[in-house]
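Here is how the chains run, residue by residue.
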Amino acid sequence: MNPIIEFCINNLVSGSQEVFDQLARDPDLDVVELGCTSHCALCSMTLFALVEGECVTGETPEQLLNNIYKHLDENPIV
């Protein structure tokens, strides 16, 4: 079972699209786009994704990507 990474469509427009595209090419991840993740306050302030239901943020696309992989390394799916 692959980890699920969820992105809000509004956050994709705000700059996380690059991260979405990179993660979507990783065969060990399931990356999905949602209409809304119900994290509107966070979404309006920073780039973020839900990694197995937990918010992971980054100020830049590169930082978000690194933080997502770091989160996955530190929280392996059993």
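About the thresholds
- Residues numbered from 1 in each chain as written.
- Predicted model: local features only at pLDDT ≥ 70, side-chain atom pairs only at ≥ 80, totals over all residues.
- Heavy atoms only, no water.
- Core = buried A, V, L, I, M, F, W, Y, C linked by side-chain atoms within 4.5 Å.
- Buried < 20%, exposed > 50% of the residue type's maximum accessible area, 1.4 Å probe, protein only.
- Helix = DSSP H or I, 4+ residues; strand = E, 2+ residues; numbered from the N terminus.
- Contact = heavy atoms within 4.5 Å.
- Pairing = 2+ DSSP bridges.
- Axes fitted to C-alpha atoms, helices over the stretch in contact; angles between N-to-C directions.

Novice: Which parts of the structure should I look at to understand the nonpolar core?
Specialist: For soluble globular proteins, nonpolar side chains are generally found buried alongside one another. Ranked by size, the top nonpolar core spans 16 residues in total, and within it I5, F7, V19, L23, V31, L64 and I68 carry the most contacts. When residues of this core are traced back to their parent elements, those giving at least two are strand 1 (4–8), helix 1 (9–24), strand 3 (47–51) and helix 3 (61–74). For V19, the contacting residues outside a window of four places in its chain are F7, P61, L64, L65 and I68.

Novice: Looking at this structure, I do not really get the sheet that holds strand 1. What am I missing?
Specialist: Picture the strands of a sheet paired through backbone hydrogen bonds; they go either parallel or antiparallel. Ordered by their spatial adjacency, four strands build an open sheet running 2-1-3-4, and the pairing between neighbours is mixed. Edge strands, defined here as strands with exactly one partner in the open sheet, are strand 2 (30–34) and strand 4 (54–58). Pairwise comparison of adjacent strand axes, ignoring direction, gives a mean angle of 30° for this sheet. Each of strand 1, strand 2 and strand 3 touches helix 1; the most contacted strand, strand 1, lies at about 150° to it. Taken strand by strand, helix 3 contacts strand 1, strand 3 and strand 4, and its axis lies near 145° from that of strand 4.

Take it as geometry only, folks, not as evidence of what the structure does.
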